[in-house]
Structures are given as C-alpha cells and as structure tokens.
Amino acid sequence: MAGATGTYNANLRVWRGDDTGGGLQDYTVEVNDGEVVLDIIHRLQATQTPDLAVRWNCKAGKCGSCSAEINGRPRLMCMTRMSTFDPSETVTVTPLRTFPVMRDLVTDVSFNYEKARQIPSFTPPKDLQPGEYRMQQQDVERSQEFRKCIECFLCQNVCHVVRDHEENKEAFAGPRFHMRIAELDMHPLDVLDRKDMAQDEFGLGYCNITKCCTEVCPENIKITDNALIPMKERVADRKYDPIVWLGNKLFRR
Ligand code: SF4
Ligand code: SF4
Ligand code: FES
C-alpha cells in the first residue's frame with residue numbers, strides 16, 4: 001500500500017545509456033522512511049552503479065537540477081516521496097524526453113538557455129537612473145508569481161509543441177520563456193513592446209492552452225492562466241482592436 005512505513009526493498013527501473021542508445025535496467029534498492037526518489041537513486045549509485053549519471057544540487061526543490069520522468073510523469077526527483085508509491089510497485093525513472101540524452105538521467109537542456117538568451121532583457125526608460133525606479137506593489141503583483149520559477153524545465157519538457165515535434169523547437173520558446181516575456185510585458189517600467197515579439201519571434205500562437213505545463217510546475221505557478229492566456233489576450237488586443245488598427249494604418253511610417 002502507498003504510504004507504507006519502515007524499510008523495504010523497492011523495485012527500481014532506470015534508463016541507462018547515452019546519446020548512442022540505451023534501455024531500461026532493473027534494480028532492487030533499499031528504501032527507508034521519509035526518503036525521496038533522489039535518495040534511492042543516490043543509494044543505487046553508492047551501492048551498485050557508481051557510474052550512474054544524475055544531475056542534482058540542492059535536494060530541496062530549489063535548484064531545478066534533478067528533473068526527470070518518474071513513471072512517465074515529469075517531476076523533481078528530490079520532491080517525490082517514495083511513500084507515494086506502493087512498495088510492490090516498480091518505480092521507473094527516465095531522463096526528460098524533450099531534450100537530448102547525454103548519459104543515463106542527464107539531458108542536454110541547452111535549448112532552454114538559448115531561448116533565454118534570445119529574449120531582450122528588462123529595459124527601463126533611458127532617462128531613469130538606477131535608484132530612481134519607483135513602483136507600487138499592485139503594479140508588480142501579477143508578474144511577481146513568475147519570479148518563483150526555479151528553471152527546472154519540467155514545463156518545457158511536457159509541452160507537446162516541442163515534446164513530440166523537434167521541428168518546432170526553433171520557432172517556439174516554450175512556456176517558461178513565454179512566461180518571462182509576459183513578466184516583462186506586464187512590468188510597469190519596461191519600455192519594450194513585447195507583444196509582436198511573443199507572437200512572431202517566439203511562436204506564442206503554437207500554444208493551444210492545454211495547461212500541461214501548469215500541471216507539472218513544482219512551484220505551482222499558474223503558467224497558462226496567469227501568463228500565457230493574458231499574453232495571448234494582449235496580442236489579440238493589439239491585432240484586432242479597431243482603434244489600434246486604425247492608428248497603425250494612419251501613423252505607420
Ligand atoms: S498550455 Fe501551451 S505552453 Fe503549456 S503545455 Fe499546453 S501548449 Fe504548451
Ligand atoms: S515555470 Fe515551473 S515548471 Fe517551468 S521551469 Fe519554472 S518552476 Fe519549472
Ligand atoms: S536537487 Fe535541487 S531541485 Fe532537486
């Protein structure tokens with residue numbers, strides 16, 4: 001039964017291999033009270049497979065490094081308690097599917113860093129010096145939620161736009177980075193117009209608001225409802241508002 005206490009031996013299935021190929025391998029590993037999947041992976045590494053590659057850092061759900069798929073669901077290994085599984089159940093740990101495998105549970109997530117680099121950074125008005133920034137809490141209330149992101153890339157991994165379509169990676173930045181664009185677009189001191197950029201350069205139109213990204217976010221950020229949908233509305237206002245349309249026609253240079 002799930003929630004069992006005491007020590008037992010778990011059936012663990014782990015993907016082993018590298019960029020040339022690999023497969024699932026079965027292990028039996030001891031589990032103690034209160035342990036998480038990362039503890040079991042570490043015990044496996046310490047006792048049976050010293051060459052097992054796994055990325056982790058804080059073991060506290062804050063660094064975003066230990067992302068993997070556990071029984072097919074994108075999760076943080078350090079935040080997934082073994083007590084959520086039945087002791088007789090086989091727990092399968094595989095690398096993130098959307099990014100290329102380097103070795104075992106470690107994937108190359110550089111796609112995300114490339115997208116991050118492409119987004120123009122916070123741009124305050126030119127005549128405003130550091131120290132002169134003034135904002136009300138209510139001005140930043142909405143975008144503050146997005147700052148909780150730990151860059152685990154679980155949302156990027158689960159989004160079907162890129163998960164099953166490698167060919168979309170160039171055109172689509174993914175939920176984490178559309179959230180970043182929304183954060184800057186909602187920022188009261190950012191002077192760049194991020195709407196056309198979101199749509200034309202980062203492929204916001206590919207998102208069909210399935211909310212899978214929101215479901216896997218370990219920080220419980222409402223990515224779809226609070227960032228992606230509002231951003232789509234901002235883009236639509238821009239494109240289809242008759243006054244904006246007329247203004248663009250009259251004043252286009
Ligand atoms: S809501 Fe959009 S960004 Fe999030 S998983 Fe679905 S398609 Fe991807
Ligand atoms: S938005 Fe959530 S799921 Fe996506 S990278 Fe940030 S913390 Fe991870
Ligand atoms: S090890 Fe840092 S989030 Fe899991």
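Right above here is the structure, for reference.
Residues numbered from 1 in each chain as written. Chains lettered and ligands numbered in written order. Predicted model: local features only at pLDDT ≥ 70, side-chain atom pairs only at ≥ 80, totals over all residues.

Asks: How should I be thinking about the overall build of the protein chain in this particular structure?
Replies: Within the protein chain, the secondary structure is distributed over 10 helices and 7 strands. For the protein chain, the C-alpha atoms occupy an extent of roughly 70 × 40 × 30 Å along the three principal directions. Looking at the protein chain as a whole, 32% of its 253 residues qualify as buried. In the protein chain, once contacts between residues fewer than 6 apart in sequence are set aside, the share between residues at least 24 apart is 63%. (Helix = DSSP H or I, 4+ residues; strand = E, 2+ residues; numbered from the N terminus. Buried ≥ 20, exposed ≤ 12 C-beta atoms within 10 Å, placed from the backbone. Contact = placed C-beta atoms within 7 Å.)

Asks: Please explain the site of ligand 2 as it appears in this structure.
Replies: Around ligand 2, the structure places 15 residues, and the nearest of them are C149, C152, L154, C155 and C217. When residues of the shell around ligand 2 are traced back to their parent elements, those giving at least two are α4 (154-158) and α6 (175-185). (Near = placed C-beta within 6 Å.)

Asks: Got a minute to help me understand the pairing of strand β2 (residues 21-31) in this structure?
Replies: Where a strand is regular, its side chains alternate between the two sheet faces. Here strand β1 (residues 8-18) runs beside β2; their pairing, made up of 11 bridges, is antiparallel. For W15, the partnering residue across the bridge sits in β2 and is L24. The turn joining β1 and β2, which pair antiparallel and follow one another in sequence, is formed by 2 residues. (Pairing = 2+ DSSP bridges.)

Asks: Where do I start with the site of ligand 1 in this structure?
Replies: Lining the immediate environment of ligand 1, one finds C159, V161, P175, C207, N208, I209, T210, K211, C212, C213, T224 and L228. Looking at side-chain class alone, the shell around ligand 1 contains 8 nonpolar, 3 polar and 1 charged residues. (Nonpolar A, V, L, I, M, F, W, Y, C, P; charged D, E, K, R; others polar.)

Asks: Honestly, the environment of I209 in this entry has me stumped. Any pointers?
Replies: Take I209: it is sitting in the loop between α7 (195-201) and α8 (212-216). Residues I209 and C159 lie 50 residues apart in sequence; the distance between their C-alpha atoms is 9.9 Å. Setting aside its immediate chain neighbours within four residues, I209 contacts T224, L228 and I229.

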